[in-house]
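# Fold and geometry: a report
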Amino acid sequence: MKIAVLGYGVIGRGVVEICLTKKEIELVKIFDRKEKFDKQLIDLFTDNIDEILNDDSIELIVEVLGGYDFAKRIAIDAITHHKHFVTANKEVVAKDIDELSFLARQNCVAFCYEASVGGTIPIVKNLKALTLVNEITKITGILNGTTNYILSRMKENFSFEDALLDAKQKGFAESNPSFDLEGFDMMRKIAILSDLAWNTKIDIKQIKHVPVTEVKKYNLKKISKEKKTLKYICEATKIDQEIHLSVQLVALENDDLLSHINDEYNAVIIETKPAGKFVFVGKGAGSLPTAAAIVGDIYDILHQRVLDVYYNKNLYKIQ
Ligand SMILES: NC(=O)c1ccc[n+]([C@@H]2O[C@H](COP(=O)([O-])OP(=O)(O)OC[C@H]3O[C@@H](n4cnc5c(N)ncnc54)[C@H](OP(=O)(O)O)[C@@H]3O)[C@@H](O)[C@H]2O)c1
């Protein structure tokens, strides 16, 4: 299958690195700004998006640009050009999951976004599968690698500022990590999971949240003496017909499973009826783990494993 990758940053480089080792995937174009072109792969690079959109041989586009307006426009253009679309962009997915999923179904292509929640954890496809049979009653998660890394260091007596600096140096926090620290990143992710679980559009402005910087108000030594651990947790619960969402700091008992999720790791607990509880743990950030989730989506499309797609064989030319 011929693919193009849009964005040659942290995640894009990981996607390119993995794709170049896979014989079923033929990477034919990489889009980024001219100054980002990699001399060793120079023949693949372009800064002209139309070259990709108008190339009928390209069947799938991976978007790892980030941002909203341009990325959203590209998503619509790619899908209406009958190209499968894979993205890690939680902002676009959280705001437009329903519109883009509908557009993709109309155009008989797949719209996949596994890497937009929980990095490498296969939570989107598993949640979709669980909803086929089960009622989802609650979702609880640690879904931001940066803030979990900061709290893990602070438990070892780092100051907030030193922990953030360490997260940036290790490549877990972006140079401007405000979306992570304010809680918006985790709000978008719990909104995406809630939309999948309950088929309801979530307006993230309605999510009760505190920024992780509030940790400075807590006495972590006292919490530790009480055999508890402070974690930044997102939660979505369906009570009667209402969905209650929050992103907050919670002092968990040390025998709570989530209190043991450290550093850049993420975890999601899905409570269901009748199947019971499911726990997913994995790396929530970083180039290759996130890229692995994206390439997993490419393989699902290649092997027609995406759950909500009507596969039109005429549009679906597998080599
Ligand atoms: N980093 C992670 O651990 C992680 C984990 C899960 C999901 N994600 C998501 O993955 C996506 C990519 O993240 P990233 O960390 O790889 O970002 P990044 O390192 O900033 O890479 C994005 C690349 O795309 C380029 N780009 C953006 N807009 C462009 C435009 N209009 N025209 C041409 N080039 C453009 C950027 O160039 P400029 O810098 O010059 O704009 C940059 O080279 C984001 O949606 C992010 O939320 C990231």
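Conventions used here
- Residues numbered from 1 in each chain as written.
- Predicted model: local features only at pLDDT ≥ 70, side-chain atom pairs only at ≥ 80, totals over all residues.
- Heavy atoms only, no water.
- Buried < 20%, exposed > 50% of the residue type's maximum accessible area, 1.4 Å probe, protein only.
- Helix = DSSP H or I, 4+ residues; strand = E, 2+ residues; numbered from the N terminus.
- Arc of directions from axis to C-beta.
- Contact = heavy atoms within 4.5 Å.
- Near = heavy atom within 4 Å.
- Polar contact = N/O pair within 3.5 Å; in protein donor to acceptor, adjacent residues only side chain to side chain.
- Areas by Shrake-Rupley, 256 points an atom, 1.4 Å probe, with all protein chains shown as cover.
- 1 Å grid on protein atoms, 1.4 Å probe; cavity = no way out; pocket = protein on both sides within 12 Å on 5 of 7 lines; lining within 4 Å.
- Sits in = over half its atoms within 2 Å of the grid points.
- Axes fitted to C-alpha atoms, helices over the stretch in contact; angles between N-to-C directions.
- Parallel < 35°, antiparallel > 145°, perpendicular 65-115°, else oblique.
- Left-handed = near helix turned anticlockwise from the far one by under 90°.
- Nonpolar A, V, L, I, M, F, W, Y, C, P; charged D, E, K, R; others polar.
- Points joined across faces, edges and corners; volume = space filled by probe spheres on them.
- Domains from an automatic or database assignment.
- Buried area = accessible area lost by both parts, 1.4 Å probe.
- Salt bridge = Lys/Arg side-chain N within 4 Å of Asp/Glu carboxyl O.

## Some words on helix H5 (residues 123-133)
- The set of residues buried in H5 consists of Ile123, Val124, Leu127, Lys128 and Leu130. With its buried residues spanning 165° around the axis, H5 presents them on a single face. With respect to the buried face of H5, the exposed residues turned more than 90 degrees away are Leu132 and Val133.
- The secondary structure elements touched by the buried residues of H5 are strand E7 (135-142), helix H9 (184-198), strand E11 (265-273) and strand E12 (276-283).

## Quick notes on the site of the ligand
- What surrounds the ligand is a group of 19 residues, the closest being Val10, Ile11, Asp32, Arg33 and Lys36.
- At 3.4 Å, a side-chain N or O of Lys90 approaches an oxygen atom of the ligand.
- Contact with the protein chains covers 75% of the free accessible surface of the ligand, which is 890 Å².
- Its atoms largely coinciding with the cavity grid, the ligand occupies the largest pocket.

## What about the environment of Asn54?
- Relative to the helices and strands, Asn54 resides in the loop between helix H2 (49-53) and strand E4 (60-63).
- For Asn54, a relative accessible area of 53% puts it in the exposed group.
- In this structure the C-alpha to C-alpha distance between Asn54 and Ile11, which are 43 residues apart in sequence, comes to 24 Å.

## Focus: unusual backbone geometry
- With omega at 5°, the peptide bond leading from Lys273 into Pro274 counts as cis.
- Note that Pro274 resides in the loop between E11 and E12.
- Look at Asn157: it is not a glycine, yet its phi comes out positive at around 75°.
- On the secondary structure map, Asn157 appears in the loop between helix H6 (145-155) and helix H7 (160-169).
- The phi dihedral of Asn199 falls on the positive side, at around 55°, and the residue is not glycine.
- The topology assignment puts Asn199 in the loop between H9 and strand E8 (208-209).
- What makes Asn199 exposed here is its relative accessible area of 68%.

## Considerations on the packing of helix H1 (residues 10-19) against helix H11 (residues 287-302)
- Contact geometry of H1 with H11 gives a least axis separation of 8 Å together with a crossing angle of 60°. Viewed along their axes, H1 and H11 adopt a mutual orientation that is oblique. Here H1 runs over H11; the crossing is right-handed. Residues Val10, Ile11, Gly14, Val15, Glu17, Ile18 and Cys19 of H1 form the contact with H11, whose own contacting residues are Ser287, Leu288, Thr290, Ala291, Ala292, Ile294, Val295 and Ile298.
- A per-class count over the contact of H1 with H11 returns 11 nonpolar, 3 polar and 1 charged.

## Some points on empty space enclosed by the protein
- Counted by the stated rule, this structure contains 1 cavity of 30 Å³ or more.
- By volume, the largest cavity is sized at about 60 Å³.
- Around the largest cavity, the lining comprises 10 residues; the ones closest to its centre are Ser101, Ala104, Arg105, Phe111 and Asp308.
- Of the residues forming the lining of the largest cavity, the biggest block, 3 residues, is contributed by helix H4 (residues 90-106).
- For the lining of the largest cavity, the class distribution of residues is 6 nonpolar, 1 polar and 3 charged.

## Some thoughts on the layout of surface pockets
- There is about 1,200 Å³ of room inside the largest pocket.
- As for the largest pocket, its lining consists of 45 residues, of which Ile11, Leu65, Gly66, Lys90 and Glu174 are closest to the centre.
- Where the lining of the largest pocket is concerned, the elements lending two or more residues are H1, helix H3 (69-80), H4, H6, helix H8 (178-182) and H9.
- Split into classes, the residues belonging to the lining of the largest pocket amount to 16 nonpolar, 17 polar and 12 charged.
- Taken together, domain 1 (2-119 + 288-302) and domain 2 (123-285) each give at least three residues to the lining of the largest pocket, which thus spans both.
- Its boundaries defined by the atoms lining it, the second largest pocket holds a volume of some 330 Å³.

## What to know about the domain arrangement of the chain
- Domains assigned within the chain are domain 1 (2-119 + 288-302) and domain 2 (123-285).
- Relative placement of domain 1 and domain 2: their C-alpha centres are 26 Å apart.
- Counting from both sides, the interface comprises 19 residues of domain 1 and, opposite them, 17 residues of domain 2.
- For the domain 1 and domain 2 pair, buried surface summed over both sides reaches about 1,600 Å², with 58% attributable to carbon and sulfur atoms.
- At the boundary of domain 1 with domain 2, the tally comes to 4 salt bridges.
- With a shortest N-O distance of 4.0 Å, Asp297 and Lys125 are connected by a salt bridge.
- Our count for the domain 1 to domain 2 interface comes out at 7 residue pairs in polar contact (both at pLDDT 80 or more).
- Every element with two or more residues in the side of domain 1 that touches domain 2 is listed here: H4 and H11.
- Residue composition of the side of domain 1 that touches domain 2, by class: 6 nonpolar, 5 polar and 8 charged.

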